[in-house]
Amino acid sequence: MPSAKKVRVAVIGCGVISELHLRCYAHNPAAKVVAVCDLIPERARRAAEERAPGARWTTKAAEIFAAPDVDAVSICTDHASHAALACAALAAGKHVLCEKSLARTSGDLARMLAAAEAHPDLVAAGVFQHRFEPLPRVLRDLVAEGAFGRLLTATGSLHCFRGNGYFEKDAWRGTKAGEGGSVLINQSIHYFDLLLWIAGGAETVRAWSANLGHEGVIETEDTVALALRFRNGALGSFVATNASQRGWDSELAFHGTKGTAIVRGDALSFLSFADPAAEKRVRARIEKAVSGNRAFPKGKDYYGPGHQAQIDDFVRAVRTGRRPYVTFADAAESDAMVFAAYASAARR
Ligand SMILES: NC(=O)c1ccc[n+]([C@@H]2O[C@H](COP(=O)([O-])OP(=O)(O)OC[C@H]3O[C@@H](n4cnc5c(N)ncnc54)[C@H](O)[C@@H]3O)[C@@H](O)[C@H]2O)c1
């Protein structure tokens, strides 16, 4: 599309995360939200009135896809509806930004990747907003450059809490049909994605899953333990639970033959090198990268500051035709490992 024009956006799904999308589009001078859509009329109407003044609202996504004044859509619905909505949007010639988890099943994921491939002229981007934060980016570069030496282990965890009310509020949560799982595909997917992304991608996963704190409340897992082998030969693990008394506590650790980095929450908590000069150099690289991390308005704390950067990137990709930073194919790497983990856990 001509780069002088604003990107005209429709947000589909007007629940929790849509507020952040609407806020980020409002902050982007090159974008304009022209329509919002939700199956629940009251949600769509309120989103238009309160968060997207001047935008129209509808309960029918088909109307959005048929509208000539919509260039792009943000898909902010439950996991089960992502594939059908994304494929229909691309078929109708709309650029797509789809929330995580890109898909609910590996079959849905394959359909979405095929639809994106069939429309190379359209932007198909998947939300993994933490990939836009400076600390994960510089750590990924440092691992790839061999700054930590040969990577030995990469491990991650998320301990968080989701009470029964969270699952009872929306019918799709904690169900196979609506969410596709629970803690792995939803709350912890960001840290799982960062672990794989920073370590250079995984090739094998073995998994165990359990429902230890939400029996009778959800049918899917609230706790997982994964063993991983990475493409570069490193080994690793990932554990997560949403039944913990910890509100939200994440950790990622990368141990190489020369150095170690540990991230707690969104900050570097530990850096150690055998060679003090190497440690000084790496610390300076990280501090320089992170010192630029002030520009984005914060969303809810645990969503991090990345949504604005990712939405800006999406809008830029639509306007200029250049590749978005996280394509469907990029996001699908982590989704595919989520589905492989679920398949492994189901065999036990
Ligand atoms: N990136 C993040 O940090 C982050 C945080 C929260 C949620 N999410 C993701 O965002 C998505 C939505 O989560 P949420 O918490 O906002 O859910 P939600 O249940 O609060 O909102 C989803 C909305 O989508 C609507 N909807 C469902 N199918 C629809 C359809 N076919 N057409 C129109 N509307 C439809 C529902 O009525 C509901 O209002 C999920 O994929 C979730 O994993 C991402």
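Around the ligand, the structure places 28 residues, and the nearest of them are D38, R43, H79, K100 and Q129. Contact between the ligand and T77: an oxygen atom at 3.2 Å from a main-chain N or O atom of the residue. Between H190 and the ligand, the recorded distance is 3.1 Å, taken from a side-chain N or O atom to an oxygen atom. Here the ligand has 850 Å² of accessible area as a free molecule, and 91% of this is covered by the chains. One can see that the ligand is located within the largest pocket. Ranked by the residues each element gives to the shell around the ligand, the list is headed by helix 4 (residues 79–91), at four residues. Both domain 1 (7–129 + 307–327) and domain 2 (134–292) contribute no fewer than three residues apiece to the shell around the ligand.

Our next topic: the pairing of strand 2 (residues 31–37). On any regular strand, side chains alternate: one points to one face of the sheet, the next to the other face. For strand 2, a buried count of six out of seven residues is recorded, marking the element as mostly surrounded by other parts of the structure. The pairing of strand 1 (residues 7–12) with strand 2 spans six bridges and is classified as parallel. Directly across from V11, in strand 2, lies its bridge partner V36. Between the parallel elements strand 1 and strand 2, the chain passes through helix 1 (residues 18–27) in a crossover that is right-handed. Sheet topology note: the strand 2/strand 3 (residues 56–58) ladder contains three bridges and is parallel.

Bringing the confidence of the model for the protein chain into the picture now. In the predicted model, the protein chain carries a mean pLDDT of 95, and the fraction of residues at 70 or more is 95%. Throughout residues 296–302 the model reports pLDDT below 50, and contacts reaching past four residues in sequence, or to other chains, amount to 15 contacts.

Counting residues in each nonpolar core, the largest one holds 81 residues, and the members touching the most others are V73 and F328. Each of two domains, domain 1 (7–129 + 307–327) and domain 2 (134–292), supplies a minimum of three residues to this core. Residues in contact with F328, not counting those within four places in the same chain, are A86, L90, V96, C98, L102, M112, L113, A116, A124, A125 and G126. If you look at the next biggest cluster of nonpolar residues, it comprises 28 residues, including C24, A48, A125 and I311.

Ordered in space as 3-2-1-4-5-6, the six strands form an open sheet in which the pairing is parallel. Two strands close off the open sheet at either side, each with one partner strand: strand 3 and strand 6 (124–126). Here the strands of the sheet are splayed against their neighbours by 25° on average, with no regard to which way each runs. With four bridges connecting them, strand 1 and strand 4 (residues 72–75) associate as parallel partners. The residue of strand 4 that forms the bridge with I12 is I75.

Conventions we followed
- Residues numbered from 1 in each chain as written.
- Predicted model: local features only at pLDDT ≥ 70, side-chain atom pairs only at ≥ 80, totals over all residues.
- Heavy atoms only, no water.
- Near = heavy atom within 4 Å.
- Polar contact = N/O pair within 3.5 Å; in protein donor to acceptor, adjacent residues only side chain to side chain.
- Areas by Shrake-Rupley, 256 points an atom, 1.4 Å probe, with all protein chains shown as cover.
- 1 Å grid on protein atoms, 1.4 Å probe; cavity = no way out; pocket = protein on both sides within 12 Å on 5 of 7 lines; lining within 4 Å.
- Sits in = over half its atoms within 2 Å of the grid points.
- Helix = DSSP H or I, 4+ residues; strand = E, 2+ residues; numbered from the N terminus.
- Domains from an automatic or database assignment.
- Buried < 20%, exposed > 50% of the residue type's maximum accessible area, 1.4 Å probe, protein only.
- Pairing = 2+ DSSP bridges.
- Right-handed = clockwise from strand over helix to strand, strands pointing away.
- pLDDT = per-residue confidence, 0-100.
- Contact = heavy atoms within 4.5 Å.
- Core = buried A, V, L, I, M, F, W, Y, C linked by side-chain atoms within 4.5 Å.
- Axes fitted to C-alpha atoms, helices over the stretch in contact; angles between N-to-C directions.

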